[in-house]
Amino acid sequence: MSVRILAVLLVMIATGALAQGFAGLGTESDGFSNPEPGQALVFPDDHGPHPDFRIEWWYLTANLKGANGADFGLQWTLFRSALRPGADNGWSASQTFMAHAAVTTASRHFSTERFARGGIGQAGVAADPFSAWIDDWQMNSGAAAGEDPLAALHVTARGPDFSYDIKLTAAGPLVLHGDDGFSVKSTSGQASYYYSQPFYTVTGKINLPSGPVEVSGQAWLDREWSSQPLDPDQTGWDWLSLHFDDGSKLMGFRLRSRSEDAYTSATWIDPSGETTAYGDGVLQMTPGRAQKVANRALPIEWRLQLAERDLDITVEAINPNSWMETMVPYWEGPITVVGSHGGRGYLEMTGYE
Amino acid sequence: MIAAGISALLSHWHYRPLQLATLIVGLALATGLWTGVQAINSEARSSYDRAAAVLGQDTLKRLQSKTGLPITADRFVALRRAGWLVSPVVEGTLRLGRTRVRVMGIDVFTLPQGATSFGLSGDTGIADIVAGNDLVLVHPETAEALSKSGLNLRTSLQVVPGDLMADIPTAWTLLKRQDFDYLLLASDQPAGLAPLSEIAPDLERIEPDPQGDIARLTDSFHLNLTAFGFLSFAVGLFIVHATIGLAFEQRRTVIRTLRALGMPNRTVILLLLTETLVLALIAGLLGVVLGYGIAAALLPDVAATLAGLYGASVPGSLALRPDWILTGLAIAFGGALLAVGQGLWRIARMPLLAPAQPRAWAMASLKNSRWTAFAAAVFLLMSLTTAWFGGGLSAGFLTLGTLLLGAAMLLPALLILALRLGARTARSAIAEWVWADMRQQVPGLSLALMALMLALAANIGVSTMVASFRYTFTGWLDQRLASELYVAADNEAEAEALRAFLAERADAVLPIRTTEIEIVGLPVFLYGIADHATYRDHWPLLERGENVWDRVAAGDGALINEQLFRRGGYRLGDRLPVAPGWTEEIVGIYSDYGNPTGQVIVSHDRLMRYFPDIPKLRHAVRVAPERAEALVAALVGEFGLSPGNILNQADLKRFSLRVFDRTFLVTGALNTLTLGIAGFAMLAKLLTLSTMRLSQMAPVWAVGTTRATLARLEMLRTVALAFLTWLVALPVGLALAWVLLAIVNVEAFGWRLPMHIFPADWLWLLVLAMIAAGFAAAIPVWRLARTRPAEFLKVFAHER
Amino acid sequence: MLLALRDVRKSFTTEEGPVDVLKGVSLELDAGQHLALTGESGSGKSTLLHLIAGLDAPDSGEIRVAGADIAHMDDPQLAALRRDRIGLVFQQFNLIPSLTVAQNLAFHARLAGRLDRDWNTHLTERLGLIECLKRYPEQLSGGQQQRVAIGRTLAARPELILADEPTGNLDEDTGDAVIDLMLQLVADVKAGFILVTHSVRLASLLNRRLHLTHGRLQ
């Protein structure tokens, strides 16, 4: 899910958290570490922040249903962006944080955002016991001792017109994308560290202006960090995480480029957590029906084909207006899956002007 | 028919281009000065609005500690973690060289919407603010003043001049602090949070302040300017009224003919009205251009005034704003219509066969002047009453207004009385005629003379006020700036070394320690002073208790400045809440001119015990005056102190007086302009009357007086009237000065000044007034002296 | 010889070019003699009167008042002539509006330094102006105003009195009364008198009459 990096960059530039522009980031990384292939991820340490890398996130999306069967989407994201390598305590702000939270129903989309500097306690992440927070939003581990800290989570967030409080339990193992967590993002070699916990079952409560709703369903947590992730030529992306009815899962993205064909990548996840990574071009993503959202045409329907898995499906937005009215806006919302496989999932689209 | 009517009516101007010019110039002048003042006010107000809107102070509530103590950084984080959307601000003043700035430390991460008026998005200057390179945002004008400060400056037009915006850690470094003054409260808070009264009972919510302190402080100043603008406008209207009245009078024949030929009265009036509006448009546009010029020329001085008197920052450049352009045009139209109204009314009611001959000469109606004198007396009585019983700035201005109005209305009666008395001294027929004729001229000239009187009185009043102020200020500076040198170190270590260095070379080194506190919601500067003869001998105390200096030295009493004394309504012996858990008895009050804020002086040791972290960088140095230069050289050469850190007394006084003089430059300029316009009003009126004057003088000429004599007498009369007007203006001006010094200043600035009298200035003004009157009379007199006998003869022979 | 005119010419410049108003007028008048000067409107009779009074200068010719040629006098000399020797009564605007009737009556005499209070009182009575002494000209009727003008002229006891349509603004009855009074008083002071009028009836009251046509006397 490293495609989200650009969003972070853009937001951080806009909030003034970055001294250099995006162009600077595309070419060099001033003392920051870079992802290397063959570097094994170590848990629970890697659940925590990596302050020597420029950017990082804890990204949770959930497909939920209310007691009456109504669909809900839920998002909780904490972005970390470093101004300088290393974690300093105090107000000098070498580390900065940004968070997004959203709840989507078939007809409404609630979203909000928060910003904070690191080092003063207002926002931060600890690996073990795992805890990620900004203001009163939190993602805390509820896992038993000896378990992976991400095996159970308590997640809350609050916006001006909504809030939620959910508990998550992982029914499967962590999964690593790409080459044991080393995920390549372009033909010229940009990459990130990328792993997920896609096996959460969720119960909890969402408060909306219309009243509280008890919800349950599935969730997917992405963890990713890097310093120099994108090719300057790349203009935007389309990313999906899918929970199929048979228990298998798929992560796929498509990076659009100014000069070349789109770069795609995918990870197939067995119900047991066995993964298969597919490189550029294996997953076919074809935009379908477009709709005018926030004054731009967005494909709210996609056709996905993965021949090796006999997959040919169509995904469609549950609420086409899942527009994040944040400082840097983008589309993020729950989708339904029909075709060779049934299921639900999340779609993210950025860079559409 | 309408076309014929238009050309018949307009032909008038063709024959009287001077009248047309007078009309347009008069209206343009009136509009111009008014517009200029409005443009200045509008520029200043927009800058106050910007200042008031800094960090959303005009719309956002804030949280402040009830005790007035700072809020810790942990407190902020705890409130955020509790879900409250708050954003911390640390604020303080900083002296950088000679520039005093307000430092505002902000947290761009949490700044609520509505506080981000300097534009968070897209402004890359802002992007750098948290980059850890101690960047500060300032207005370009401030950047210029701080160019040698060594700060990492970035300019933004969105920052108020005099403000310095920086990220919290940068501001902390500059202010040497680690905490916050208040927290901004975002207007949209999430639902379901624990109430603040539970989690932060020690903090209180402060309501937003839509106006801002500066706007309130400077109200009186702008009222002043507006009053001046209005005065000029009124004077200008006299001109227009006179000219338009004459033009209507002279066109009666044409109008009668038009009507006799069958043009409806309505059409005639409509044509005249249209003509007025077109003239007003032309004059209004000219006036707006003129106003822009005046405002652009005066604004730097106004900015200096505002900075000097109130600490308000207004940029010295003028922006074109639709508000004053439109009001300028509107007032031109309004003025023209007001001036033309009477004439139109007369024409509307004029019977078809009314005699076309103008009423020869308005008689000095005794009844009329008695009535005016009675109204004048009422106004003057009102003025006296408000001066005696009234309180507050509005009462001060009411006193001023009624005084001027009453005096102006009394003027004709006074002049007639004086002329009547003068006539008794007449021994010859000609002298008798001159007096009588002057008296007869009074009603016709009274408006112009009133304008002149107002301009003269304003001049005398304001210049007496300013001169008194300057006189007092100069004396006060001598007392206040008793030390020979003022030196500052850049850091504590250097300060330590500096004290050691000076200890051997100077007679005394007096520490200057200051911090900003708040007393009943107003910012106040708290000073700690050492016990030294410098203060005991020189400090300008207005009121003192017993053993005042011993008590201050013993840490048992505080001195406060006059501003704080008046604003707080304190008396000697009252206890002043200096800080939480610290009150001091007020043992003395000192004068403190030119300073907008309150001050408190306590003993140095007492201050440092309570505020141990106050920077110990600034010092006053006593040394024999003749050795001061050598000490400065030693400080720079031997000690290595930057010359910018040393101020000597003479420089400081020069600088202060320069600031003072600049401060009042604008008043002087407006004074002169108003006087000029009053002169022009005289000219316009005299020109208007000059044709009528012919029939007054022809009989005198016919019975054996030369035209040259008549012209000389005419000049003498005008100048004599100006002289008499000046005589009346003198006491009015002095009364005005008294009201300004004793009422308006106290309310506006917080200090009362003794009144000093400068008769040389009055004589100079008399000369100016006579010159103005002489100039005004020059053209009509010149025309009179050159009038051909045939013109005089027409008076006797023909119906005009 | 009080007044002698020889070949006096005067032209005015108008928009249609110069117009000759007086084309060589010669005339003599002895002290105490009364002359009526009649003529059509525009015949030049007023102009002739103005020239005699020194209010305007002729283009050529000679005007002698008590032997002095006034054609070559400068402004102050002419002013002195009007003040000391001549009295003027016009059709209108004779009076000084800022002075009272009393002051107007005495004005010319005081200017000439010849004020005689008894004579002045006598005149005031004869002219029926006692009631009006404190009033201003504006407050008087036309006939009263003209009587003040006559009084002012006679109070100064000039050698030559010039009147230009003095009753032109008055109705016939008032006019006749004013002229009657004027002739009596002029006779009393033994002044030379020239009355300019277009009325043949008024002219007939005077012993000598001259008619001016097209700039020439007949």
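No experiment lies behind these values; they were computed from the predicted model shown.

*Asks:* Just checking my understanding: could you explain the overall build of chain B for this structure?
*Replies:* Scanning chain B for helices and strands turns up 25 helices and 20 strands. The burial tally for chain B puts 46% of its 800 residues in the buried class. Contacts spanning at least 24 positions in sequence make up 82% of the contacts within chain B whose residues lie at least 6 apart.

*Asks:* Whenever I open this one, the packing of helix 3 (residues 101-112) of chain C against helix 5 (residues 142-155) of chain C confuses me. Can you help?
*Replies:* When two helices pack together, their arrangement is given by the angle between the helix axes and the distance between those axes. Residue and element names in this part refer to chain C. In the contact formed by helix 3 and helix 5, the axes pass within 6 Å of each other and the chain directions differ by 35 degrees. With respect to the hand of their crossing, helix 3 and helix 5 are arranged in right-handed fashion. Judged by residue contacts, Val 101, Asn 104, Leu 105, Ala 106, Phe 107, His 108 and Ala 109 of helix 3 engage Val 148, Gly 151, Arg 152, Thr 153 and Ala 155 from helix 5. Considered class by class, the residues forming the contact of helix 3 with helix 5 number seven nonpolar, four polar and one charged.

*Asks:* Sorry, what's going on with the sheet that holds strand 10 (residues 216-217) of chain C here?
*Replies:* Across a sheet, strands are paired by hydrogen bonds formed along the backbone, either parallel or antiparallel in direction. Residues and elements named next belong to chain C. With mixed pairing, six strands are arranged side by side in an open sheet as 6-7-8-3-9-10. Edge strands, defined here as strands with exactly one partner in the open sheet, are strand 6 (86-89) and strand 10. Two elements, strand 3 (residues 34-39) and strand 8 (residues 192-196), share four bridges in a ladder whose sense is parallel. The residue bridging Leu 35 from the neighbouring strand is Ile 194, located in strand 8. Docked against the sheet, helix 5 engages strand 6 and strand 7 (160-164), running at close to 180 degrees with respect to strand 6.

*Asks:* Could you clarify how one ought to interpret the interface of chain B and chain C in this entry?
*Replies:* In many reports, interface size means the accessible area that the parts give up when they come together. Contact residues are listed per partner, giving 30 residues for chain B and 29 residues for chain C. For the side of chain B that touches chain C, the secondary-structure elements that each account for two or more residues are helix 14 (429-480), helix 22 (665-702), helix 23 (707-748) and helix 25 (789-797) of chain B. Looking at the side of chain B that touches chain C, the element that brings in the most residues is helix 14 of chain B, giving eight residues. Looking at the side of chain B that touches chain C residue by residue, the class counts come to 19 nonpolar, seven polar and four charged.

*Asks:* Please clarify how the pairing of strand 14 (residues 234-244) of chain A should be interpreted in this entry.
*Replies:* Remark: a regular strand shows side chains that alternate across the two faces of the sheet. All names here are of chain A. Most of strand 14 sits out of view: nine of its eleven residues are buried. Bridge count between strand 14 and strand 15 (residues 249-257): nine bridges; the pairing is antiparallel. Bridged to Gln 234 within strand 15 is Ser 257. The antiparallel hairpin formed by strand 14 and strand 15 contains four residues in its connecting segment, where Gly 247 sits at a positive phi of about 95 degrees.

*Asks:* Explain the pairing of strand 1 (residues 3-14) of chain C to me, please; I cannot follow it from the model alone.
*Replies:* All names here are of chain C. As judged from the ten bridges shared by strand 1 and strand 2 (residues 17-29), these two strands associate in the antiparallel manner. Of the residues in strand 2, the one forming a bridge with Arg 9 is Lys 23. Hairpin connection, strand 1 to strand 2: the antiparallel pair is bridged by two residues. By the bridge criterion, five bridges tie strand 1 to strand 4 (residues 60-65) in an arrangement that is antiparallel. Bridge pairing in strand 4 places Ala 4 opposite Arg 64.

*Asks:* What's the story with the nonpolar core in this structure? I'm lost.
*Replies:* Among soluble globular proteins, nonpolar side chains are generally buried collectively. With 190 residues, the main nonpolar core has Leu 452, Met 453 and Ala 457 of chain B as its most contacted residues. Here the element with the most residues in this core is helix 14 of chain B; it accounts for 25 residues. Beyond its immediate sequence surroundings of up to four residues, Ala 457 of chain B is in contact with Leu 404, Ala 407, Ala 729, Val 732, Gly 733 and Leu 736 of chain B. Membership of the second largest hydrophobic core comes to 140 residues, among which are Ala 82, Ala 102 and Tyr 193 of chain A together with Val 138 of chain B.

*Asks:* I'm lost on helix 2 (residues 75-84) of chain C in this one. Help?
*Replies:* Three or more residues of helix 2 of chain C are buried, namely Leu 78, Ala 79 and Arg 82 of chain C. Projected down its long axis, helix 2 of chain C shows its buried positions confined to an angular sector of 100 degrees, all on one face.

*Asks:* Even after reading the chapter, I still don't get the packing of helix 5 of chain C against helix 6 (residues 172-189) of chain C, so can you show me in this structure?
*Replies:* All names here are of chain C. It is the contact of helix 5 with helix 6, at a shortest axis distance of 11 Å, that shows an interaxial angle of 10 degrees. The angle between helix 5 and helix 6 falls in the class roughly parallel. Residues Gly 143, Gln 146, Arg 147, Ile 150 and Leu 154 of helix 5 pack against Thr 174, Val 178, Met 182, Leu 185 and Val 189 of helix 6. Looking at the contact of helix 5 with helix 6, its residues break down into six nonpolar, three polar and one charged.

*Asks:* What is the right way to look at the sheet that holds strand 9 (residues 182-185) of chain B in this model?
*Replies:* All names here are of chain B. Read from one edge to the other, the open sheet built from eight strands follows the order 6-5-7-4-3-9-1-10, with strand pairing classed as mixed. In the strand order of this sheet, the two ends are held by strand 6 (152-155) and strand 10 (203-206), each with one partner. In this sheet, adjacent strand axes meet at a mean angle of 30 degrees when their direction is disregarded. Across four bridges, strand 5 (residues 135-138) lies against strand 6 in parallel orientation. Looking across to strand 6, one finds that Val 136 is bridged to Leu 153. Together, strand 3 (86-96) and strand 9 form the strand contacts of helix 3 (residues 73-81), whose direction differs from that of strand 3 by roughly 155 degrees.

About the thresholds
Residues numbered from 1 in each chain as written. Chains lettered and ligands numbered in written order. Predicted model: local features only at pLDDT ≥ 70, side-chain atom pairs only at ≥ 80, totals over all residues. Helix = DSSP H or I, 4+ residues; strand = E, 2+ residues; numbered from the N terminus. Buried ≥ 20, exposed ≤ 12 C-beta atoms within 10 Å, placed from the backbone. Contact = placed C-beta atoms within 7 Å. Axes fitted to C-alpha atoms, helices over the stretch in contact; angles between N-to-C directions. Left-handed = near helix turned anticlockwise from the far one by under 90°. Nonpolar A, V, L, I, M, F, W, Y, C, P; charged D, E, K, R; others polar. Pairing = 2+ DSSP bridges. Core = buried A, V, L, I, M, F, W, Y, C linked by C-beta atoms within 7 Å. Arc of directions from axis to C-beta. Parallel < 35°, antiparallel > 145°, perpendicular 65-115°, else oblique.

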